[in-house]
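Each chain, letter by letter, is given below.
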Amino acid sequence: MLNVEIDDINGLAILTPDGPLSADDFEHVAAIIDPYIEKDGKLNGLIIATESFPGWDSFAALLSHIRFVRDHHRHVKKVALVTNSPFRDLAEDLSEHFVSAAVESFDFDELDAAKAWMIKDED
């Protein structure tokens, strides 16, 4: 399951997986954040917080994840990877080539720092 918390005040979505990601997880997330994006035009930030990367439960889940990124990346200003997983460095490097959002990584115990970075006005 991929849990979603929306911070309406700051325009953030916080995603916290509690197991391997499934194709249904990305439909669930889209059903929650799409109405927010339609209403406000964008998300200021998307935080993915997990101590270690749980992986995908199937190839279909990986494809669903790729489609989700493709369909949403232009509507997200910043992405924060909050994790202790060594995968975060690879994910950060790869994402710079495929997403228009600014991407930053933080240690798992730095969720508050990630939120502060998200709401910091750099324009």
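Residues numbered from 1 in each chain as written. Predicted model: local features only at pLDDT ≥ 70, side-chain atom pairs only at ≥ 80, totals over all residues. Heavy atoms only, no water.

### A closer look at the pairing of strand S4 (residues 76-82)
Line of reasoning, step 1. Counting buried positions along S4 yields six of seven residues, so the element is predominantly enclosed.
Line of reasoning, step 2. Bridge count for strand S3 (residues 43-49) against S4 is six bridges, and the pairing is parallel. Residue pairing for S4: alanine 49 is matched across the bridge by valine 82.
Line of reasoning, step 3. The β-α-β motif built from S3, the intervening helix H2 (residues 59-72) and the parallel element S4 has right-handed crossover chirality. (Buried < 20%, exposed > 50% of the residue type's maximum accessible area, 1.4 Å probe, protein only. Helix = DSSP H or I, 4+ residues; strand = E, 2+ residues; numbered from the N terminus. Pairing = 2+ DSSP bridges. Right-handed = clockwise from strand over helix to strand, strands pointing away.)

### Comments concerning the packing of helix H1 (residues 23-40) against H2
Line of reasoning, step 1. The contact between H1 and H2 brings their axes to 8 Å, and the two run at 15 degrees. Between H1 and H2, the angle falls in the class roughly parallel. Crossing angle aside, the handedness with which H1 passes H2 is left-handed. For the pair formed by H1 and H2, the contact residues are Ala23, Phe26, Val29, Ala30, Ile33, Asp34 and Ile37 on the first element and Ala60, Ala61, Ser64, His65, Phe68 and His72 on the second. (Axes fitted to C-alpha atoms, helices over the stretch in contact; angles between N-to-C directions. Parallel < 35°, antiparallel > 145°, perpendicular 65-115°, else oblique. Left-handed = near helix turned anticlockwise from the far one by under 90°. Contact = heavy atoms within 4.5 Å.)

### Regarding the sheet that holds strand S2 (residues 12-17)
Line of reasoning, step 1. Pairing in this open sheet of five strands is mixed, and the strands run S1-S2-S3-S4-S5 from one edge to the other. Each end of this open sheet is capped by a strand with a single partner; those strands are strand S1 (2-7) and strand S5 (102-106). Between one strand and the next, the sheet's axes are offset by a mean angle of 20 degrees, whatever the strand orientation.
Line of reasoning, step 2. Note that S4 and S5 share five bridges and pair parallel. Across the sheet, valine 82 pairs through a bridge with phenylalanine 106, a residue of S5.
Line of reasoning, step 3. Relative to the sheet, H1 contacts S1, S2 and S3, its axis offset from that of S1 by approximately 10 degrees.

### Points about the side chain of threonine 83
Line of reasoning, step 1. In this structure, threonine 83 sits in the loop between S4 and helix H3 (87-98).
Line of reasoning, step 2. Looking at threonine 83, the relative accessible area reads 6%, which means it is buried.
Line of reasoning, step 3. Among the polar contacts listed, one links the side chain of threonine 83 to the backbone oxygen of threonine 50, at a separation of 2.6 Å. (Polar contact = N/O pair within 3.5 Å; in protein donor to acceptor, adjacent residues only side chain to side chain.)

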